[in-house]
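Secondary and tertiary structure notes
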Amino acid sequence: MKYRYIGRTGLRVSPICMGTMTFGTQTPDEKVAFEIMDKAYDAGVNFFDTAELYPVPPNAKLAGLTEEIVGRWLKTKPRDSVILASKVAGAANGWFVPPIRHGLTAIDSFHIERAVEGSLKRLQTDYIDLYQMHWPDTVVPIEESLKAFDRLVQSGKVRYIGTSNDTAYGTTKALMTSEFKKYARFESIQNNFSLLNRRFLDELATLCRKESISLLSYSPLGGGVLSGKYNQAEIKEGRFSSYMKASDKRQRLMAARFVNEKTLASTQKYLKIAADAGLDPVTMATAWSKQFDFVASTIIGATKPEQLDATLAAMDLELSQEVLDACDAVHNEILYPMG
């Protein structure tokens, strides 16, 4: 396996990262969650990602449960054999109010310190390898946020820091601040990136290359859409199947972004490309999302162990230029299907 470094760090990670956001909801059985993580670990995955807000969809009753599950599993493995990533919930002034700390979250010293202490306790560890801002704060100055993150690095509670769901401007401003203030800098950015969402290539890819920041791409299957299950006449299971009927407006809007006329039309074409190449569409989509020089690792998810077969098959797979060109042709025909 070819391990990759995250940014300018000493974190050497597998090209596939095991995401855990379903553990506690879509994967309610902890035993099954353990089986999923064991299967990934045994296949060579050394990188696991979680967050204080998980599982999804977020709610006050379950927030933190995923970290507890991951923490109990982590006790079954040598701690230094696992690169563990977690996140502090983003600010309540953004696109969504997190149902934790009474809906008053911010990326300030108080909340960052409260969040990391809670995560360390639930994860049953004394350090987190990569600690990330789940999404930016548009009110608290980035100087205050980075000062608090830097204290965590200096204390040894966190090895490195990263951002997530960020913009080119926000990430650049953070990097400049870290440079001038001599604070620890964001070494990674965790953003949505898939055959259905190539927005990262517009500006952020250049930033990553120029500043040696690594993308940790999430949702390589476009929320499961690229598997083809939403193209079927009858959809038996799927997160967006329930989101479409949810009372929560945010969940309905998210479903509409991922499952719409353009994403389904694009997916139908990608399914044919995969079939012609003799590939499982899940394997092809996962391989595509990690086949860029600025990507350190692609975050996958699963609700049952057998779902890992197709994604893990992408671990060492390099798509041919013919397949890449065919995928590009689909994008050129149906531009930005997720908006």
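To keep things clear, this report deals only with the structure shown in the data block. Model, not experiment: these values are computed from the prediction.

Right, let's talk about the pattern of salt bridges for a bit. This structure, assessed with the given rule, holds 17 salt bridges. In this structure, Arg-159 and Asp-129 form a salt bridge, with 2.8 Å as the shortest nitrogen-oxygen distance. Taken together, the residues span a long stretch of sequence, with Arg-159 in strand E7 (residues 158-164) and Asp-129 in strand E6 (residues 128-133) at a distance of 30 residues. Of the residues examined, Arg-159 reaches a relative accessible area of 35% and is grouped as partly exposed. Overall, Asp-129 belongs to the buried group, its relative accessible area being 1%. Residue Arg-199 is joined to Asp-202 by a salt bridge in which the shortest nitrogen-to-oxygen separation is 3.4 Å. Note on Asp-202: relative accessible area 40%, which makes it partly exposed. Overlapping salt bridges bring together Arg-79, Asp-129 and Arg-159 as one network.

This paragraph deals with the environment of Leu-226. With respect to the secondary-structure elements, Leu-226 resides in the loop between strand E9 (214-218) and helix H7 (239-243). Residue Leu-226 is classed as buried on the basis of its relative accessible area, which comes to 2%. Along the sequence, Leu-226 and Lys-181 sit 45 residues apart, while their C-alpha atoms lie 43 Å from each other. Leave out the neighbours within four places in its chain, and Leu-226 touches Ser-194, Leu-195, Leu-196, Pro-220, Leu-221, Thr-267, Tyr-270, Leu-271, Pro-281 and Ala-285.

This next bit is on helix H1 (residues 30-42). In this model, H1 (13 residues) spans 18 Å end to end at C-alpha, consistent with the 18 Å of a helix rising 1.5 Å per residue. All of the buried residues in H1 are Ala-33, Phe-34, Ile-36, Met-37 and Ala-40. In a view along the axis of H1, the buried residues occupy a sector of 160 degrees, so they form one face of it. What points out from H1, more than 90 degrees from its buried face, is the exposed set Lys-31 and Asp-42.

Okay, the layout of surface pockets next. A water-sized probe rolled over the atoms picks out the places where empty space is left. Roughly 180 Å³ of internal volume is contained in the second largest pocket. Lining the second largest pocket are Arg-8, Thr-172, Leu-175, Met-176, Ser-178, Glu-179, Tyr-183, Arg-185, Leu-207 and Glu-211. Ranked by the residues each element gives to the lining of the second largest pocket, the list is headed by helix H5 (residues 168-181), at five residues. For the lining of the second largest pocket, the residue count by class is four nonpolar, two polar and four charged.

Residue position: Thr-177 is located in helix H5. Looking at Thr-177, its side chain comes within polar contact range of the main-chain oxygen of Lys-173, at 2.8 Å. Ignoring anything within four residues of it in the chain, the contact list for Thr-177 reads Ile-142, Glu-143, Leu-146 and Lys-182.

Okay, the packing of aromatic side chains next. Evaluation of the coordinates by the stated rule reveals 14 aromatic pairs. Taken together, the ring pairs connect Phe-193, Phe-200, Trp-288, Phe-292 and Phe-294 into an aromatic cluster. Over the face of the ring belonging to Tyr-127 we find Arg-79, whose NZ or CZ atom lies 4.0 Å from the ring centre. Over the ring of Tyr-336 we find Arg-199, and its NZ or CZ is 3.6 Å from the ring centre.

Interaxial distance between helix H3 (residues 109-123) and helix H4 (residues 142-155) falls to 9 Å at its minimum, and their mutual angle equals 35 degrees. Classified by chirality, the crossing of H4 by H3 is right-handed. Between H3, through Ser-109, Ile-112, Glu-113 and Val-116, and H4, the contact on the second element is made entirely by Glu-144, Ser-145, Ala-148, Phe-149, Arg-151 and Leu-152. When the residues that make up the contact of H3 with H4 are grouped by side-chain class, the tally is five nonpolar, two polar and three charged.

Rules used throughout
- Residues numbered from 1 in each chain as written.
- Predicted model: local features only at pLDDT ≥ 70, side-chain atom pairs only at ≥ 80, totals over all residues.
- Heavy atoms only, no water.
- Salt bridge = Lys/Arg side-chain N within 4 Å of Asp/Glu carboxyl O.
- Helix = DSSP H or I, 4+ residues; strand = E, 2+ residues; numbered from the N terminus.
- Buried < 20%, exposed > 50% of the residue type's maximum accessible area, 1.4 Å probe, protein only.
- Contact = heavy atoms within 4.5 Å.
- Expected span 1.5 Å × (residues − 1).
- Arc of directions from axis to C-beta.
- 1 Å grid on protein atoms, 1.4 Å probe; cavity = no way out; pocket = protein on both sides within 12 Å on 5 of 7 lines; lining within 4 Å.
- Points joined across faces, edges and corners; volume = space filled by probe spheres on them.
- Nonpolar A, V, L, I, M, F, W, Y, C, P; charged D, E, K, R; others polar.
- Polar contact = N/O pair within 3.5 Å; in protein donor to acceptor, adjacent residues only side chain to side chain.
- Phe/Tyr/Trp six-rings, centres within 6.5 Å; stacked < 30°, edge-to-face > 60°.
- Lys NZ or Arg CZ within 6 Å of the ring centre and 35° of its normal.
- Axes fitted to C-alpha atoms, helices over the stretch in contact; angles between N-to-C directions.
- Left-handed = near helix turned anticlockwise from the far one by under 90°.

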